[in-house]
Each structure stands twice: as structure tokens, then as C-alpha cells.
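# Understanding the architecture of this molecule
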Amino acid sequence: MGIFDNFKAIFTASSPQQPNTNTNNSVEQQPTTHKKIMIVEDEKVLADALEIKFQHEGFKVFKAENGQVGLDMIKQNKPDIVLLDLMMPVMDGKTMLRRLRETPDFKYLPVVVLTNAGEVDNIKETKQYDNASAFLIKSNINPEDVVKVVKDLLRM
Amino acid sequence: MKENKNLIVYIFPAIFISVFFCGLTLIAPKLNFYSFVLPIAFLVLIILNILLYIQLIRGQMSRNISEVKPIIDKDISPAQQDKIKYEAILAYIGEGLVVIDKAGRIITFNKAAESLLGWKEDEVLGRELTEVIRIDYETSINESKLTRSRQSSLYFIRKDNTKFPAAITTTSYGVGTDILGTATLFRDITMEQNIDKMKNEFISLASHQLRTPLAAIKWYTEMLLKGDAGKLLPEQTQYADTIYSSTQRMIDLVNLLLNISRIESGRINVEPLPTDLKKLVDEVVQEVKIRYADKKQTFTTKYHEPLPTIAVDPRLIRQVYINLLTNAAKYTPEKGQITINLSKNDTDIISEISDSGYGIPDADQDKLFGKFFRGLKTVTRENEGTGLGLYLVKDIVDISHGKIWFKSKEGKGTTFWFSLPLSGTPAKKGVLTIEA
């Protein structure tokens, strides 16, 4: 449970705060961090939300809609961290993760699993692989929580 | 002889009536003056016939019984009568029954066992049990798209080598300490497994399908509130706040339903760990305090010292404290008092959660732990409840081998107690955990 316990406080639904005075438009990219993030998520609205958020934070964002495309793009772009959905067509997250870890270059690439699956078996199996760096339930967290987790993992 | 008697009984009235009619037609012309006599006489005769008919039938039945009765009374002893009775019962119960003697040979094999296993009774009597009941333990991985559930099932193999999942109960029988054999009852649980599989798939589908749009609403609202799309006007912020909190309520409900369903499916993983309940309560109190900070309530904790650590599943018990303390905060007005007391006796640790709140009306008290139950008054006071919190709490306390009870007076407040055995919760291997 260890690593997940650390993130528990982050995952607790936080009450909405007052809007800050940030007036930057969401579409502008600010590559201030020089970090690359790969979002593998088939739900466009969720992938877009994460893209907006991480672009604001200065990440270069890549998106893939299934595990197969995700694998190819990871090999091509070599991101610093991956956000991975589990239930996707063509190739699901579990399979992609397994294939990723079989590739020597990506054995230790941080991967944050994001899911809404009701069957927690997936979680147990992912844990057994010992290769997911964090596990989040999408409807229980906010994009800002994901940012915190990512920054923690990248020691930013 | 019987058949002849039947014929006589049916034909006799018919003949009588026919003869009567013939007679009437002959004498009728001479009875003009008394023309009413005819129908009355006819009616009387019909009634007499019916009475005679009934008597004859009764007579025949009692003759039948009296023919059989001497056989029962004279030829079968009480022990034999019992044997006939039990054989009749065993032959036709729905579950398969196989009884073996001390040597492991089959001495009873009922009709249900025949139909479930494909063997006939005369094929198996006297044979070794293991020759007839072949067992396969299968770890079947249900490869459905949505659930990758693993179920370990016991399968019986039929005579034709097909198999079915079985639920079995085995008991030994004997006289005093001398065991004479064992009896095994079993049934085919294919349907139950299918229903369970369908239920899990539905839950998985429902939770995933519901949670995805909920996540989308929640995320975009949060981004709006954080100013990711530009600064909001105060009124816009207020509207967005409302959307956010309503969405959160729906998410909480889905989570609650999921947890309940996991527990009810019996597949929940119960992983007892040595748990310091004081520490758990302190953490939960902090969370609830923050959440209800604007109500300015006082939370007091009292712990019996020393309080031993206890083997319970901390995720599950945490959920109990969260639900009970959240209820206490919700249903207590501003500046109210909430007290948590942990104590122990010889066998259990008792947790007491007490509030100075609205109390529970008498009429609602015996339905309190029911699914989806919300008292009328609670609904008007506090919109946020789902009616499932206490249902889940009771489920968890039950599987932790504890007990839960309460006392409440409307207008005065409520106290909940639940006990957890010092001996701890037994571990239960399952494939699910609840999401805390």
C-alpha cells in the first residue's frame, strides 16, 4: 500500500478554491519545464482536460487514444512520464504497460495509471507487475491532483 | 371387481331414471287432473337417486381403504414405515445426496444425484466414492472485456466427462464417537455463477460508464474555478461551485454503491492488519472537522488506556468511522458537540460516537440500517444523504465479526456504538477491495 498511501491526502476531494488571477489562455504552450508527458486515454474530453492542464504547467504534451498508438509514440518521443488509462480499445492499458516494461529503455519510466474501472482486480494485477508508479481513480481526483502526483514523481 | 362396482354405480341411476321416464309416458295421459304431480315426483326421484349415488361412492371408497389398511397395519413395522418415508424424501429432494459407509463405498445415491452426475443408482452402489464423484478444481479466468475476475471453483465431473460447478456440504454420521460414514449434499451452481458474473459485469460497466462523464464534469468545473479559462465573475464562480458540489455528490453515490456491491458479492478482500484504532479515529476526525469547519462543532475524543492494537482491515474500519462521524457532523447543528469514545472490555473494543444533534425519530429507528433509507426529516434538513452510509457500515461491522447498535432521542441527540472483537477479524481471501 505504501506508495499509494502517500498520495492519499492528495486524492481526497478538495473543496473548490477561489479562482486565481491567472489570465493565461489555455491554448498557449509554455515549455518552461522541458519535460514531456504522454497521455494515453481514449476519452477525448478527459485527454483534452489533462492536455490543457499540463500545457499550463509548461509540459510538452503528447496524446494517444489507445495502447498501441501509445507504445509507438512513447518509443518515438521518449516522454519523461506517462498517464495511462486502463480501459481502451485496440490495446488496453494493462497490456501496454506490460509491453512497455518488457522494453529495456522504458522499464523504469514513471507511469501513472488513471482509471474509472469498477473492478479493482485491474488494480491488483497492475500492482503485481510492480510497474505502475501511482494509481488514481479519475472521478475521485482533480486534474490539479494529477499535476501534483506527476511533479512528485519527477521530483519537480 | 372394482371396475365392475364402478360401472354399477354409474349405470344404476341412469337405468332407474330411464325406467321412470318410460313409465311416466305410459300413465301421463291419465293424470291430466293432477298434472303438477308429475314434475314433483320426478324431482323427488332425482334427489333420491343422487343420495343413493353418493352413498354408493362412499361405500366404495371405504371399501378401498379398508382393503389397503389391513396391509399397512399387519405387514409393515414402524421402522420399515420410517424407512419408506425417508426413502421417499431422499429420492425427491432437489439436491444430490451421496452417502458412503466407513469403507468409502456408496450406500445411497438419490434421484437428484443420478440426474446431476449421469450415473444410475444401481451402477454406483457398492463402488468407491472417488470412482464416481470425480472432482476438478478449476481456476477459471472469466475473460469478459470488463471484468478479469478469477474464481476458484469446485467442479464435479459427470459420467460423460462433462463438468459443472458444484456447491457441496459434507457431514459425517455415526453413533457416539463411532463414525459410520459420511453424507454429501451437492447442487449445480452454474446459474448462480452466471448471475454473479453478469452482476459483476454490470457493476463494472455501470461504474465505468457513469464515472467517466462525472469525471469530465468535475475536471472541467475545477479548471474553470481555478481560472484555467480566465477569471470568473463572482456569480459564475457560485454557479460553478454548485455544479462541482452536485457532481461530487453523484460521484460519492456511485462509489458507495460500488463498495456495497463489492461487499455483498462476498468477494471482498478482508486483510486484517494490526491497527491502532486511536490513530485511525484521530485521522478521520481531522478530515471530518475540515469538511464541516463552517459548522464550528466541537469534537472530543476519549481513549481508554491502554488500548491494544487489533487485527482489523483498516480500510474497512476507516470507512465505518468516516460514515458515522460524517453523519454526526451532518445531523448536528452549528456549534454542536460530537464525542468519540474508545473503550474495551474482556472481549471487544467498543467505539462510541455520540452527538448533540437532531436525533432519530422513533418511527425511523428500526429501518435505519436499511438500504436507501432516509428519514423524512433528514431529507428536509440535509440534502446530501444517500441512505446507503449506514447500510455499508452495518455490512462492514458484520464481516468484521462485530456488532452495531444505537440510541437516539429526537431533539436530544444520537449515540452509535460498534464493537470489534479483540480476537480480530478473520482474513478473507477475495479479489476486490473497497475504495476508501
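Residues numbered from 1 in each chain as written. Chains lettered and ligands numbered in written order. Predicted model: local features only at pLDDT ≥ 70, side-chain atom pairs only at ≥ 80, totals over all residues.

### Here we look at the overall build of chain A
For chain A, the count of helices and strands is 7 helices and 5 strands. Start at the N end of chain A and walk to the C end: the helices and strands fall as α-α-β-α-β-α-β-α-β-α-β-α. Here chain A holds 156 residues, and 42% of them are scored as buried. (Helix = DSSP H or I, 4+ residues; strand = E, 2+ residues; numbered from the N terminus. Buried ≥ 20, exposed ≤ 12 C-beta atoms within 10 Å, placed from the backbone.)

### Topic: the sheet that holds strand β4 (residues 111–115) of chain A
Within a sheet, each strand pairs with its neighbour through backbone hydrogen bonds, oriented either parallel or antiparallel. Residue and element names in this part refer to chain A. Strand order across the open sheet formed by 5 strands is β2-β1-β3-β4-β5, with parallel pairing between neighbours. What marks the edges here is a single partner per strand, and that holds for β2 (60–64) and β5 (134–137). The average undirected angle you get between the axes of adjacent strands in this sheet is 20 degrees. Pairing between strand β1 (residues 36–40) and β2: 5 bridges, direction parallel. (Pairing = 2+ DSSP bridges. Axes fitted to C-alpha atoms, helices over the stretch in contact; angles between N-to-C directions.)

### A few points about the sheet that holds strand β13 (residues 413–421) of chain B
All names here are of chain B. Read from one edge to the other, the open sheet built from 5 strands follows the order β8-β10-β11-β13-β12, with strand pairing classed as mixed. Two strands bound the open sheet, and with one partner strand each, they are β8 (298–303) and β12 (403–409). Along the sheet, successive strands turn relative to each other by an average axial angle of 10 degrees, direction set aside. In this structure, β12 lies alongside β13, joined through 7 bridges in antiparallel fashion. Paired with Phe406 across the strands is Phe416, a residue of β13.

### Observations concerning the nonpolar core
A general trend in soluble globular proteins is that nonpolar side chains are found buried together. Among the nonpolar cores identified, the biggest contains 47 residues, and Ile37, Leu83, Leu84, Val112, Val113 and Leu136 of chain A are the most heavily contacted of them. The element best represented in this core is helix α7 (residues 190–225) of chain B, accounting for 7 residues. Core analysis: the second largest hydrophobic core is formed by 33 residues, Leu277, Ile322, Ile340 and Val397 of chain B among them. (Core = buried A, V, L, I, M, F, W, Y, C linked by C-beta atoms within 7 Å.)

### Section: the pairing of strand β2 (residues 106–109) of chain B
Residues and elements named next belong to chain B. Relative to β2, strand β1 (residues 96–101) runs antiparallel, the two being bridged by 3 bridges. Looking across to β2, one finds that Ile100 is bridged to Ile106. Remark: 4 residues form the turn of the hairpin made by β1 and β2, two consecutive strands paired antiparallel; Gly104 in that turn has positive phi of roughly 85 degrees.

### Side note on the pairing of strand β10 (residues 337–344) of chain B
Looking down a regular strand, the side chains alternate between one sheet face and the other. All names here are of chain B. Of the pairings in the sheet, the one linking β8 to β10 comprises 6 bridges and is parallel in character. Paired with Tyr303 across the strands is Leu342, a residue of β10. Here β10 hands over to strand β11 (residues 348–355) after 3 residues, the two strands then running antiparallel side by side.

### Things to note about the confidence of the model for chain B
Residue and element names in this part refer to chain B. Predicted confidence across chain B gives a mean pLDDT of 81, with 78% of residues reaching 70 or more. The least confident element of chain B, judged by mean pLDDT, is helix α12 (residues 376–381) at 58; the most confident is β11 at 95. Note on residues 140–151: pLDDT under 50 across the span, and 28 contacts to partners over four residues away in sequence or across chains. Per the prediction output, this complex has pTM 0.56; the corresponding ipTM is 0.77. (pLDDT = per-residue confidence, 0-100. Contact = placed C-beta atoms within 7 Å.)

### Structural notes on the packing of helix α4 (residues 67–77) of chain A against helix α5 (residues 93–102) of chain A
Residues and elements named next belong to chain A. For the pair α4 and α5, interaxial distance at closest approach is 9 Å and the crossing angle is 30 degrees. For the element pair α4 / α5, the angle class is roughly parallel. As α4 runs across α5, the sense of the crossing is right-handed. Mapping the contact onto sequence places Gly67, Gly70, Leu71 and Ile74 in α4 and Gly93, Thr95, Met96, Arg99 and Leu100 in α5. In the contact of α4 with α5, the residues fall into 4 nonpolar, 4 polar and 1 charged. (Parallel < 35°, antiparallel > 145°, perpendicular 65-115°, else oblique. Left-handed = near helix turned anticlockwise from the far one by under 90°. Nonpolar A, V, L, I, M, F, W, Y, C, P; charged D, E, K, R; others polar.)

### Observations regarding unusual backbone geometry
Cis geometry is found at the peptide bond from Glu305 of chain B to Pro306 of chain B, where omega equals -10 degrees. By the element assignment, Pro306 of chain B lies in the loop between β8 and β9 (310–312). Positive phi, normally seen in glycine, also occurs at Lys78 of chain A, with a value near 45 degrees. Considering the arrangement of structural elements, one finds Lys78 of chain A in the loop between α4 and β3 (81–85). One non-glycine residue, Val90 of chain A, lies in positive phi territory at about 65 degrees. Within the element layout of this structure, Val90 of chain A appears in the loop between β3 and α5. Using a count of 13 C-beta atoms within 10 Å as the deciding quantity, one classes Val90 of chain A as partly exposed.

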